[in-house]
Amino acid sequence: MTFFKKVLLLGTGPTSVQLAVNFRSHFNSKVGIAGRESSRSNLFFEKTIKQQRTLKAHIQNKQHQTAAGECVIDCLFKDYNTISGDWDTIILSVTTDAYLAVFSQIDIHVLKQAKCIVLISPTFGSNQLISNYLKQISSCAEVISLSTYYGDTRWLNGVPSNEVLTTGIKKTVYIGSNQSKSEHMDKLSELFNQLGIYVKVLASPLEAETRNISLYVHPALFMNDFSLKAIFEEQETIKYVYKLYPEGPITYTMIRHLLNHWKEMMKIVTHVNIQPLNLLKFMVDDNYSLQPPSIARQDVEDFEKLESIHQEYLLYIRYASLLIDPFSKPDQEGRYFDFSAVPIKRIFMNHEGIWDIPRMPKEDYYRLKIIQGVARALKLECPTIDQFIFTYEQKLKQVVASSEQMSFSEAFQIKTFSKDINMICKELI
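This section reports on the structure supplied with the text. The residue count restarts for each chain, going from 1 along the sequence in the order it is written. Per-residue local features of the predicted model are confined to residues with pLDDT of at least 70, and side-chain atom pairs are confined, for both listing and counting, to 80 or more; whole-chain, interface and lining totals are unaffected and use all residues. Just so you know, side-chain values use all the structure's heavy atoms and leave hydrogens and water out.

Residue Pro246 is bonded to the preceding Tyr245 through a cis peptide linkage, with omega at 10°. Cis geometry marks the peptide bond from Met360 to Pro361; its omega dihedral reads 25°. Comment: elements are numbered from the N terminus, with helices defined as DSSP H or I runs of at least four residues and strands as E runs of at least two. Mapped onto the elements, Pro361 comes out in helix α14 (residues 359-377). Residues other than glycine seldom take positive phi values, yet Gln52 does so here, at roughly 55°. A positive phi is found at Phe417, a non-glycine position, where the angle reads about 50°. Owing to a relative accessible area of 15%, Phe417 belongs among the buried residues under this scheme. Partly exposed residues are those whose accessible area sits between 20% and 50% of the maximum for their type, while under 20% is buried and over 50% is exposed, using a 1.4 Å probe and protein chains only.

See below:
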């Protein structure tokens, strides 16, 4: 059997360009890209058509050379309802809250021909969501979840085009399938290994979806009064995501909320028979390393067994240790690279001329509402998650009520995501 012979990528962001180059290079796939028509995606379509459908992926670091390359794709589809042809693999490279909206626009015959659906950057429950949708259209396609997209990719010159720059490649990616035996996952692992990525196959796709650090840290970092003020209100100075107060949102209270959120998440994953995750070990080993003197290895290994106050202390030390890049070379004055200086992005006027919310926290709102819905279905209490959502929704209401003359995107609406939650729970419970 031939795998990934005809690959259709849904989404017109930088990730799709990088994926197209890698699938063409490794599998010699026929590749198509589809996206909704918008002023932003039109820039991508126009540039790609002008360059005879040639896409280019550049890399920032030499050790990631295998990710670089260029290819000529076979098909471009403006709007999902224009997709035609026979595609054995469909790759979802859109935001998780858009999965159902995108699938509902695609010709059902195109979806039913696919043998494999790959979710590049899903969230908790995304595999169940898509699996349930496919059952409704009588499709038996395999659904594979990655823990997260394997790189850090952006437009080469900051504007949508046919060229992207990948500045980093992850060391480890977790992967899971809704089928017990999966040759598709074996082939994907080959591709990732070629890119220098270690692939860890987990027992279920839901377990892979829990191995995304954003799931655990973004709510506490963004859904607090400090960060929401920086996002939604005019500020005299820039505020930073990963800095200590007053430069950023990190206080001992925020750390406590982060810890409690993780504990609530672990109650949920344990309830659905998933191996719980050692948060500190995941942070240190799978995300950003620390110099050994910062935190003792034994504390990392024993994190789950420690008292809450000890856990809070270690998490605070972890963030304090990453204010600078501990592995960068200091300059002549002894200063290391300012690793934590990631600005909190403000609301912005989108290409349609209306106010919109950055992906952080817009995507995190969807993630949290799904988790809250699953917890309620399982009859589990999640007061910290409830508080995050309440704080965020109150801010949305306040902004909209105080700015009646402004036009806002649908991201400013209070949502239940009840359809998604119900579909996920049908597969989960």
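Listed in full, the buried residues belonging to helix α11 (residues 279-287) are Leu279, Leu280, Phe282, Met283 and Val284. Any two residues whose heavy atoms approach within 4.5 Å are treated as being in contact. Residues of α11 that are buried make contact with β11 (172-177), α8 (214-222), α10 (252-271), α12 (297-301) and α13 (308-321). For the purposes of these results, a polar contact is taken to be a pair of N or O atoms within 3.5 Å, where, inside protein, one atom must be able to donate a hydrogen and its partner to accept one; residues adjacent in sequence count only when each atom of the pair is a side-chain atom. Backbone nitrogen of Leu280 and a side-chain oxygen of the N-cap are separated by 3.2 Å at the start of α11; the cap is Asn278.

Time to look at the sheet that holds strand β3 (residues 54-59). What makes two strands pair is DSSP finding at least two bridges between them. Reading across from one edge, β4-β3-β10-β9 is the order of the four strands in this open sheet, with mixed pairing throughout. Where the open sheet ends on each side, the last strands, each with one partner, are β4 (69-72) and β9 (151-155). Shown here is a sheet whose adjacent strand axes are inclined to one another by a mean of 25°, direction ignored. By the bridge criterion, four bridges tie β3 to strand β10 (residues 163-169) in an arrangement that is parallel. Bridge pairing in β10 places His58 opposite Leu165. Lines fitted to the C-alpha atoms define the axes, with helices restricted to the stretch that makes contact. Angles between their N-to-C directions range from 0 to 180 degrees.

With respect to the helices and strands, Arg24 occurs in helix α1 (residues 14-27). A residue is classified by how much of its surface remains accessible, and Arg24, at 19% relative accessible area, is buried. Here Ser29 takes part through its backbone oxygen, which lies 2.6 Å from a polar atom of the side chain of Arg24.

On to the sheet that holds strand β1 (residues 6-10), then. By way of backbone hydrogen bonds, the strands of a sheet pair with one another, either parallel or antiparallel. A sheet is described by the order of its strands in space; here eight strands give the open sequence β5-β2-β1-β6-β7-β8-β11-β12, paired in mixed fashion. Each end of this open sheet is capped by a strand with a single partner; those strands are β5 (75-78) and β12 (198-201). Direction aside, the axes of adjacent strands within the sheet are offset by 20° on average. With three bridges connecting them, strand β8 (residues 142-146) and β11 associate as antiparallel partners. By the bridge assignment, Ser145 is partnered in β11 with Gly176.

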